[in-house]
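Structural features, examined
As a plain string of letters, each chain reads:
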Number of protein chains: 2
Amino acid sequence: MPRITVLRKVLASNDALAEAQRRQLEAAHVVGINIMSAPGSGKTTLVERTVDGLRSPSRNPKSQVPRIFVVEGDIKGDLDARRVAAHEVNCVQINTQGDCHIDSLMLSPVIPLVLKALTPRQSSRAPRLPSLLIIENVGNLVCPAEFQLPTHYNVTILSTPEGSDKPTKYPLMFSKSDLLIINKIDLLPYVDFNFRQLEQSVKRIKPNLPIIRLSTRTGEGLDSWFAWLKQRLSGKA
Amino acid sequence: MPRITVLRKVLASNDALAEAQRRQLEAAHVVGINIMSAPGSGKTTLVERTVDGLRSPSRNPKSQVPRIFVVEGDIKGDLDARRVAAHEVNCVQINTQGDCHIDSLMLSPVIPLVLKALTPRQSSRAPRLPSLLIIENVGNLVCPAEFQLPTHYNVTILSTPEGSDKPTKYPLMFSKSDLLIINKIDLLPYVDFNFRQLEQSVKRIKPNLPIIRLSTRTGEGLDSWFAWLKQRLSGKA
């Protein structure tokens, strides 16, 4: 079975590189989030809302606004990076050229850019705030879960039109998640989505996985997302 | 680059096996359809509607109802096969055990079952109608497009909540398609979906790809799907 042997080698070297990159991020006080979902579940819109929300005076006093860097992963094109960069945040687009996921090798040329952008000038005497690295993975509910990244938390988005049966069918993605976001709750009146079914199947896969319900479109539920995120940035979780 | 070398070998042997299986299907007058999409776009519901519709007296005189066999592909579980089998149709569930797609090797034990189920008894003197094999691939807008199956047509579903920017981001899937179905048009009033953007990006990838708009939930637009399907079954397309 040569294919399996090769896959194992690739995964092992990916994980070792991810671990080394994670140490670099930690030395620079960077907290990393890896956002994964199927195509069109709302990853990019969540990134846009997050960048705006963390900088909003109503959510954060100016002294508490973290530096942010966004990495966009897509097979082709820079649609998402252009959307995110319009929010005046450092952003790099990775084109995977056909690959169905981001891996740590693809991030090798990106990490130095992240460290440079998120490291404050030496003259600064302000207390060091943690910075935030957001990686938006390729839209795919299967493959991205197999590749460790240097990020600290995996956030999976499932949107209500996709249906509540997805954890049973894609268990690895949910077992690797630190937070499950149910997005597009504004569409609940028009789709078949059974929260009880969802919670029961999540319980079988990862019993303590926190679940946040929100709509990136209407903004409902975003408070819970920001609370979760700030706990991770402050190291209180 | 050992990884690329191995991948090429696997793909080449997959394609050769798919070609051999296709010849077996053709000898038995079986037309094969491979349905692909992201998770939750409506593949299984389309299969259910198709099975019921082809047997409905209002759509088909009884003498024209094809024999049908359905193959359900999922990483884990038999949720979809149970849904489809409830419509009293021959159905096999393939569990890919983590793999992000169906390939022809996985179909090896299935093809003999298909041939057995779809071959009429020798005593039958009725004229030989073509039979229909429907393969529902793993929910994934990336990997399934890379693996040829023994089927004759690739049908890709994109649902309106996923957004109209998907062809630009997942071009291989759309370039490999023989039909693009835009599903969940009943949700158009509640989501951002731009048909002009969709058609323009499809045009750049595959200029003559036919596009059918429908809702598997309300049934709107299904007539066009059945017309497309019957043309393929009758060999008139």
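Above this text is the structure in question.
Residues numbered from 1 in each chain as written. Chains lettered and ligands numbered in written order. Predicted model: local features only at pLDDT ≥ 70, side-chain atom pairs only at ≥ 80, totals over all residues. Heavy atoms only, no water.

1. Focus on the overall build of chain A
Scanning chain A from terminus to terminus reveals 9 helices and 7 strands. Computed over C-alpha atoms, the radius of gyration of chain A comes to 18 Å, within 12% of the 18 Å expected from 2.2 N^0.38 for 237 residues, which places it in the range of a compact globule. Each principal axis of the C-alpha atoms in chain A carries an extent, and together these give about 55 × 50 × 35 Å. Split into buried and exposed, the 237 residues of chain A put 54% on the buried side. At a minimum sequence separation of 6, the contacts of chain A that also span at least 24 residues come to 74%. Surface summary for chain A: the accessible area is close to 10700 Å², and the carbon and sulfur share equals 51%. Of the charged side chains in chain A, 31 are positive and 22 negative; the average position of the first set lies 5 Å away from that of the second. (Helix = DSSP H or I, 4+ residues; strand = E, 2+ residues; numbered from the N terminus. Rg over C-alpha atoms; globule rule 2.2 N^0.38 Å. Buried < 20%, exposed > 50% of the residue type's maximum accessible area, 1.4 Å probe, protein only. Contact = heavy atoms within 4.5 Å. Areas by Shrake-Rupley, 256 points an atom, 1.4 Å probe, with all protein chains shown as cover. Lys, Arg positive; Asp, Glu negative; His and termini not counted. Charge placed at Lys NZ, Arg CZ, Asp CG, Glu CD.)

2. Observations concerning the relation of the copies chain B and chain A
Note that the two copies of the chain are related through a rotation about an axis and a translation along the same axis. Relative to chain A, chain B is turned by 180° and slid 0.0 Å along the rotation axis, the superposed coordinates differing by an RMSD of 0.0 Å. Classification of the inter-copy transformation places it as that of a two-fold axis. (Least-squares fit on C-alpha atoms with pLDDT ≥ 70 in both.)

3. Comments concerning unusual backbone geometry
Residue and element names in this part refer to chain B. Of note, the phi angle at Glu88 is positive, near 55°, even though the residue is not glycine. Along the chain, the position of Glu88 falls in the loop between α3 (79–85) and β3 (90–95). For Lys184, which is not glycine, the phi dihedral falls at a positive 65°. Among the structural elements, Lys184 can be located in the loop between β6 (179–183) and α8 (195–205). Residue class for Lys184 comes out buried when judged on its relative accessible area of 13%.

4. What about the interface of chain B and chain A?
Counting residues at the interface gives 36 residues for chain B and 36 residues for chain A. Across the interface of chain B and chain A, roughly 3200 Å² is buried in total on both sides, 60% from carbon and sulfur atoms. For the salt bridge of B:Asp192 with A:Arg217, the shortest nitrogen-to-oxygen distance reads 3.2 Å. Our count for the chain B to chain A interface comes out at 8 residue pairs in polar contact (both at pLDDT 80 or more). (Buried area = accessible area lost by both parts, 1.4 Å probe. Salt bridge = Lys/Arg side-chain N within 4 Å of Asp/Glu carboxyl O. Polar contact = N/O pair within 3.5 Å; in protein donor to acceptor, adjacent residues only side chain to side chain.)

5. Quick look at the packing of helix α2 (residues 43–55) of chain B against helix α9 (residues 222–233) of chain B
For any two helices packed against each other, the geometry is given by the interaxial angle and the distance between the axes. Residue and element names in this part refer to chain B. It is the contact of α2 with α9, at a shortest axis distance of 11 Å, that shows an interaxial angle of 70°. With respect to each other, α2 and α9 are oriented roughly perpendicular. Contacts from Leu46, Arg49, Thr50, Gly53 and Leu54 in α2 reach Leu222, Trp225, Phe226 and Leu229 in α9. Among the residues making up the contact of α2 with α9, the classes are represented as 6 nonpolar, 2 polar and 1 charged. (Axes fitted to C-alpha atoms, helices over the stretch in contact; angles between N-to-C directions. Parallel < 35°, antiparallel > 145°, perpendicular 65-115°, else oblique. Nonpolar A, V, L, I, M, F, W, Y, C, P; charged D, E, K, R; others polar.)

6. Quick look at the nonpolar core
If you look at the biggest cluster of nonpolar residues, it comprises 82 residues, and the most contacted ones within it are A:Leu107 and B:Leu107. Discounting chain neighbours no more than four positions away, the residues touching B:Leu107 are B:Gln21, B:Val71, B:Ile94, B:Ile102, B:Ile135, B:Leu149 and B:Pro150. (Core = buried A, V, L, I, M, F, W, Y, C linked by side-chain atoms within 4.5 Å.)

7. Some remarks on α9(B)
All names here are of chain B. The end-to-end C-alpha distance of α9 is 16 Å, a good match for the 16 Å that 12 residues give at a rise of 1.5 Å each. Listed as buried for α9 are Leu222, Trp225, Phe226, Trp228, Leu229, Arg232 and Leu233. Looking down the long axis of α9, one finds its buried residues gathered within 160° of arc, a one-sided arrangement. On its buried face, α9 is in contact with β1 (30–37), α2, β4 (131–136), β5 (153–159), β6 and β7 (211–213). Just beyond α9, the residue with positive phi is Gly235, at close to 75°. (Expected span 1.5 Å × (residues − 1). Arc of directions from axis to C-beta.)

8. Examining the pattern of salt bridges
Throughout the structure, instances matching the rule amount to 24 salt bridges over all chains. A:Lys169 is the salt-bridge partner of A:Asp165, the closest N and O atoms lying 3.8 Å from each other. A relative accessible area of 6% means that A:Lys169 is categorised as buried. Taken together, the shared-partner salt bridges connect A:Asp74, A:Asp80, B:Asp165, B:Lys166 and B:Lys169 into one network.

9. Focus: the packing of aromatic side chains
In total, this model carries 7 aromatic pairs over all chains according to the counting rule given. A centroid spacing of 5.0 Å and a plane angle of 70° characterise the contact between A:Phe193 and A:Phe195, whose relative ring orientation is edge-to-face. Look at B:Trp225 and B:Trp228: their rings are 5.8 Å apart centre to centre, the planes differ by 15°, and that puts the pair in the stacked class. Highlighted residues: B:Trp225 and B:Trp228, both in helix α9, separated by 3 residues, approximately one helical turn. You can call B:Trp225 buried: its relative accessible area is 1%. You can call B:Trp228 buried: its relative accessible area is 6%. Directly above the ring of A:Tyr153 sits A:Arg232, whose terminal nitrogen or CZ lies 5.8 Å from the centroid. (Phe/Tyr/Trp six-rings, centres within 6.5 Å; stacked < 30°, edge-to-face > 60°. Lys NZ or Arg CZ within 6 Å of the ring centre and 35° of its normal.)

10. What to know about helix α2 (residues 43–55) of chain A
Residues and elements named next belong to chain A. The first and last C-alpha atoms of α2 sit 19 Å apart over 13 residues, in line with the 18 Å expected at 1.5 Å per residue. Within α2, 10 of the 13 residues are buried, leaving the element largely enclosed by the surrounding structure. Taken residue by residue, α2 has Lys43, Thr44, Thr45, Leu46, Val47, Glu48, Thr50, Val51, Gly53 and Leu54 as its buried positions.

11. A few points about the sheet that holds β3(B)
Residue and element names in this part refer to chain B. Judged by pairing direction, the sheet is parallel, and its 7 strands sit side by side in the order β3-β2-β4-β1-β5-β6-β7 without closing on themselves. Two strands lie at the open edges of the sheet, namely β3 and β7, each paired on one side alone. Averaged over all neighbouring strand pairs, the angle between strand axes comes to 20°, with direction disregarded. (Pairing = 2+ DSSP bridges.)

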